[in-house]
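Structural characterization, general
One-letter residues, chain by chain:
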Amino acid sequence: MGFFDKIFGKKKEEPSAKQQVQAPAHANSSDAIANIVHTLEMLDKRTVVLDKRIEDSQHKAKDKLAKGDKKGALTQLKTKKMLEDQREKLMAKKLNLELLRDTMEDAAVNSQVAQVMSSAATTMKRNAVYMEQLDDTMENVQEAMDDQREVADALAN
C-alpha cells in the first residue's frame, strides 16, 4: 500500500462474478410461480421448526422456573421472544410472496386472455373477409341464375 493509497484510498474493485447478485432468468411466468411456491413451502417448513423451538423454549422456561432457576428461565423466555420475532418476520415474508404469487397468476391469466382475444379478433376479421367473398359469390350465383332464367324464358317463348 503506497503513500497516496493511504491518503486517497484505493480504487474500488469491480465485484467478482461470485459477488454479483443476479436474478435467475425465468423462461416464463409459470417457472417464476413455481419458484415462489417452492420458496413458500420452504418457509412453511421453517415456520414449523420455529414453532417447535418456541414450544421447547416455553417448556424449558417453565421447568427452570419450577427448579428455582430464574436466570435460566429468563434466558429461555428471551430465546422464545427472539424465535417469535423470527417467526413473525417469516410470516411477513410468506405473506409478501403469496401476494406476489397471486399477482403473477393474475398477470398470467390476463396475458392468456389477451392472447385468446387477439386470436379471436383475427379469426373474426378473417371471417368478415369470407363473408364479403360469400356476398360477392352469392351475387354472382344470383346473376347466373337470372341469366339462366332469361335463357329458359327465351327458349320457352
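Here the structure is shown first, and the text comes after it.
Note that the structure is predicted; figures quoted are calculated from it, not measured.

Notes on the overall build of the protein chain
The secondary structure content of the protein chain amounts to three helices and zero strands. Secondary structure of the protein chain in N-to-C order comes out as α-α-α. Per-residue burial for the protein chain yields a buried fraction of 11% across its 157 residues. Expressed as a percentage of contacts within the protein chain between residues at least 6 apart in sequence, the contacts between residues at least 24 apart total 67%. Of the accessible surface of the protein chain, which amounts to about 13300 Å², a share of 57% is contributed by carbon and sulfur atoms.

Considerations on the side chain of T47
By the secondary structure assignment, T47 is in helix α2 (residues 29-66). From its side chain, T47 meets the backbone oxygen of L43 in a polar contact 2.7 Å long. Leave out the neighbours within four places in its chain, and T47 touches R87, L90 and M91.

Section: helix α3 (residues 70-156)
Note on helix geometry: an α-helix contains 3.6 residues per turn, so any two residues three or four positions apart are oriented the same way. The end-to-end C-alpha distance of α3 is 124 Å, a good match for the 129 Å that 87 residues give at a rise of 1.5 Å each. Every buried residue of α3 is accounted for by G72, A73, Q76, K80, L83, L90, K94 and L97. Buried residues along α3 sit against α2.

Regarding α2
With 38 residues, α2 should cover 56 Å at 1.5 Å per step; its first-to-last C-alpha distance of 55 Å lies within 8% of that length. Residues A32, I33, I36, L40, L43, T47, L50, I54, S57 and A61 constitute the buried set of α2. Buried positions along α2 lie against α3. Following α2 by one or two positions, G68 has its phi on the positive side, about 90°.

Quick look at the pattern of salt bridges
Applying the stated criterion across every chain, the model contains seven salt bridges. The residue R87 makes a salt bridge to D51 at a minimum N-O spacing of 2.3 Å. Placement of R87 in helix α3 and of D51 in helix α2 is noted, with a sequence separation of 36 residues between them. Residue D51 is classed as partly exposed on the basis of its relative accessible area of 31%. Among the salt bridges present, the one from K81 reaches D85, with a minimum N-O distance of 3.2 Å. Placement of both K81 and D85 in helix α3 is noted, with a separation of four residues, approximately one turn of the helix. Assessed through its relative accessible area of 46%, K81 is described here as partly exposed. Residue class for D85 comes out partly exposed when judged on its relative accessible area of 31%.

Considering the packing of α2 against α3
α3 packs onto α2 with a crossing angle of 165° between their chain directions and a minimal axis gap of 8 Å. With respect to their mutual orientation, α2 and α3 come out roughly antiparallel. Crossing of α2 over α3 shows left-handed handedness. Counted by class, the contact of α2 with α3 contains 19 nonpolar, nine polar and 15 charged residues.

Scoring rules and cut-offs
- Residues numbered from 1 in each chain as written.
- Predicted model: local features only at pLDDT ≥ 70, side-chain atom pairs only at ≥ 80, totals over all residues.
- Heavy atoms only, no water.
- Helix = DSSP H or I, 4+ residues; strand = E, 2+ residues; numbered from the N terminus.
- Buried < 20%, exposed > 50% of the residue type's maximum accessible area, 1.4 Å probe, protein only.
- Contact = heavy atoms within 4.5 Å.
- Areas by Shrake-Rupley, 256 points an atom, 1.4 Å probe, with all protein chains shown as cover.
- Polar contact = N/O pair within 3.5 Å; in protein donor to acceptor, adjacent residues only side chain to side chain.
- Expected span 1.5 Å × (residues − 1).
- Salt bridge = Lys/Arg side-chain N within 4 Å of Asp/Glu carboxyl O.
- Axes fitted to C-alpha atoms, helices over the stretch in contact; angles between N-to-C directions.
- Parallel < 35°, antiparallel > 145°, perpendicular 65-115°, else oblique.
- Left-handed = near helix turned anticlockwise from the far one by under 90°.
- Nonpolar A, V, L, I, M, F, W, Y, C, P; charged D, E, K, R; others polar.

It is worth stressing that arrangement in space is one thing and function is another; only the former is reported here.
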